[in-house]
Amino acid sequence: MSEMDIPNVNGSEFTESKMESEYNFLDLSQRIKRKSSIQLNEKPNLIFSQDNTISDEDNDNDSLHSFCASRRQKEKDKSDKISFSTLMFYSLPSFGKMSCLVLLNINSTLYYETLGASLLYMSFFVTLTRCLELIVKPLVAHISDEIKTKMGRRKPFMLIGCGFYALFLVLLFCPPSFRTSSKSLSVWFGIFFIFFFMAESVTIAPYLALGPELSSNSKEREKLYYFFYLFQYIGVLFAAAAPIIMNKIFSQCDCSYCTNFPLLLDVEKCMQNCQIICNLRANEKSFITLSVFIGLFFILTIILLSVNVQEKKGSFNKEKVSFVPSIHQLMNNKPFVTLIIPWICDVSIITIYSSMLPFFLNVIINPQKYCRENRIPLKDIQCSTNYYLGLSISVFFICCIISCNVWHYLVSRFGKIFCWRIFSLLCLFPFSLYLFCGVGTTNLLMFAAIVTSFPSGGSYLNDVVVSDAIEYDEFTSGKRTEGIYTVCSAFIPKFVSLFAQAIPLSLLSIIGFIPTENGYVHSQPLQVIYYLKTIFAIVPMILCVLSFYYKLKFPIKDEINEQIKNGIELQKTQFDLMKKDHVNYYKIFDPVYESKYISVIPNTDEFNVKNSIKTKDFLNHFYSYRFLFLIYKGELKELKKILKAIIVICSALGMISILILLYTFEYLSEQKYSFIPITDLFLITALIIVIILFYLKLKALNKVLDGEFELDTKLVKLFIFAKMKNNKELIYQEESKNGMKSRKENKLE
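A brief look at the structure comes next.

Cut-offs and rules
- All residue numbers here refer to positions counted from 1 along the written sequence of the relevant chain.
- Since the coordinates come from a predicted model, pLDDT governs what is reported: local features require at least 70, and pairs of side-chain atoms require 80 or more to be given and counted, while whole-chain, interface and lining totals use all residues.
- Processing note: side-chain calculations cover all non-hydrogen atoms of the structure and skip hydrogens and water entirely.
- For helices the rule is a DSSP run of H or I covering at least 4 residues; for strands it is a run of E covering at least 2, with both sets numbered from the N terminus onward.
- Think of it in three bands: residues with accessible area under 20% of the maximum for their type are buried, residues over 50% are exposed, and the middle band is partly exposed, with areas taken using a 1.4 Å probe on protein chains only.
- By salt bridge we mean one thing: a side-chain nitrogen of Lys or Arg within 4 Å of a carboxyl oxygen of Asp or Glu.
- For a helix, the expected span equals 1.5 Å multiplied by the residue count minus one.
- It only takes one pair of heavy atoms within 4.5 Å for two residues to be counted as in contact.
- For patch detection, residues must exceed 30% relative accessible area and be free of salt bridges, and they are connected within 9 Å for like charges or within 5 Å for nonpolar side chains (Val, Leu, Ile, Met, Phe, Trp, Tyr).
- Residue exposure ignores everything except the shown protein chains as possible cover, and the areas themselves are Shrake-Rupley values with a 1.4 Å probe.
- Neither His nor the chain ends contribute to the count of charged residues, in which Lys and Arg are positive and Asp and Glu negative.

For the rest of this paragraph, the subject is unusual backbone geometry. One non-glycine residue, Asn366, lies in positive phi territory at about 45°. Following the sequence through the fold, Asn366 ends up in the loop between helix H12 (334-365) and helix H13 (367-373). Looking at Asn366, the relative accessible area reads 3%, which means it is buried.

Right under this line is the structure:
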């Protein structure tokens, strides 16, 4: 469709005065029907325009309404407070969750690599898992947002998934004997790594979605995530320190056979090999014990949370939203979209630090090489990479717990938005210290870990800011969809780890990394050392600057949160009344962008309400303006052809990509070409997601073409009008285009 086919937002067909005369609307930004509702905020100009028009009858009841409003606000503030017991019950599972992630992200790859598993095959399976999560997590989140059970929306998923979560964690750390072939070990790792994260998708996504709905008060949410992250840090500390303690318990072994036959055996080499095998067996026993403990703890805390914490009631808008409209609703939330880039940067830093730290220790610090050069016995604890790995992580997270308290205090003094922005900038100095690390520089490593912990302690503010964006979404749509948002908050780290974990590991092999053999760490080529310093220090410094820059663009300030909260309460009091009065749309002042936001109510005189709701849900399947105007013109068959063509093209490309994957799968055993199947896997996942989305659009379109319901033509026109008026960029483009036309006409004249 050409640009000329798209009606101008200020054209004769979509002028605001004509739409208001044609449809029944209510301007909440200028007038309130006080006989049927009350004004919720004490300062009218916060939510409503200063030119409020109120009748004499309403003015007579000002004192009564002010009293009712004050009382209602106090009751609301009291219900928004989160009790200490709720804080504890919600935060406890985060201990088990983070302990699992530490064992998997830090210990699992290094553990399997020492057993002899292929680093390249493990990278492939990690990538495959993240790709599957791209598909599974949003679906689980959407179902948990829309489902209604006696137990609530979130608890059924949490209770069903926690058992499988614990089971697959234990099986992942119960590999076959270390004498098993490299491929068998890699496949075992891949199968249970995938199963674990599928169970994690079912359990953790609803659990995280429960947090933002516990309170609509920004300060209470900050306190909730403060405790949530404290327990996460304690969980990481436990998972880092426990393997060291468990190794000491299980590391006792008998190597006397080496000294019994001194003439037949090389005693020194025999003792070294015996100690290495002993350490491998100690690792196996300690990881199995820890995984069983963490799994049982997680099940117990999820049950306690489900029994003792009640879910809040849903949103005032009870309309069901399909999967595709929920994704479009998320992408229409501009404050949330501005968070994506800084979020990616922050998560990339954390993922690089956690996944590459074992290799940085093995290659750059290299305790074994230091011990060999200084004639220190290899069985000494200071020669163990695991010892320094556990020690550095323990020091880091002990200091994180302290710094988290410092950031909690700073938020109370300077506000969460200022603190959220500044912690990214403070990351520059700590990561610069890692450039000066070398063989045996363990003291510098410990100092760098301490300094890095201070800005990391403020990372809990990311979730607090996301909760503000969720509140804004309810303000504009009337729907609470915490699941789809928290899935993004849990999913973006998984997606970023495709680049921050899998790709650096693959490149490490391509560059020339020499794998550990039976616990013996080889000296690495110079290019591997330069690569690790670049990926571990320079890349995070660049990401810190980018994160700070994009955080400056986030529009929701601390003082606006209360205005958004009051706007939601106002809409709650008016929504049912507007449906009874057959109001087609209403306008409310948007304090974030300082403009009037238009919301459509699927409620007309000509059609029943169910039919109108189906029409609105159908229209929300289409994000593109060109698709919407095809629907407006009645060219549904033309739209169907376009959707089918996209699905066919993506399916053909997907089949070709699958054939390429099957053909190049053997390249995983070759360092130079291992990136081909991994990159191809990204492409297959992207194509599958596009096919699913457009298939769901086509399915919704077929319901209209098959006559399951008739489109409400008035609602179609109203929906396009509201979408165009709420999109400032489109209005600007249209006005610029009209301005250029008028200038050209003036020149011709």
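We are not done yet, so read on.
Bringing the pattern of salt bridges into the picture now. Using the criterion set out here, one finds nine salt bridges in the structure. In this structure, Glu133 and Arg130 form a salt bridge, with 3.2 Å as the shortest nitrogen-oxygen distance. Residue Glu133 and its partner Arg130 are located together in helix H5 (residues 119-146), separated by three residues, close to a single helical turn. Of the two residues, Glu133 and Arg130, neither departs from the other in class, the shared state being buried. Salt bridges here are not isolated pairs; linked through shared partners, they connect Arg221, Lys416, Asp468 and Glu471.

Relative to the 21 Å expected for 15 residues at 1.5 Å per residue, helix H17 (residues 442-456) spans 21 Å between its end C-alpha atoms, a close match to the ideal helical length. By the burial criterion, the buried members of H17 are Thr442, Leu445, Met446, Ala448, Ala449, Val451, Thr452, Ser453, Pro455 and Ser456. Structurally, H17 contributes buried residues whose contacts are with helix H8 (218-250), H12, helix H14 (385-414), helix H15 (416-425) and helix H16 (428-433).

Moving on to a nonpolar patch on the surface. On the surface, Ile398, Ile402, Val406, Leu426 and Phe454 cluster together into a nonpolar patch covering about 400 Å² of accessible area. Counting residues per element, the nonpolar patch draws most heavily on H14, at three residues. Along the chain, Leu426 turns up in the loop between H15 and H16. Taking relative accessible area as the criterion, Leu426 reaches 36% and is therefore assigned partly exposed.

A few words now on the side chain of Lys97. Structurally, Lys97 can be placed in helix H4 (residues 84-115). No salt bridge forms around the buried Lys97; measuring N to O, its nearest opposite-charge neighbour Glu200 is 6.3 Å away. Those residues within four positions of Lys97 in sequence are excluded, and the remaining contacts are Tyr165, Ile204, Phe228, Gln232 and Phe298.

Purely geometric numbers; function is a separate question.
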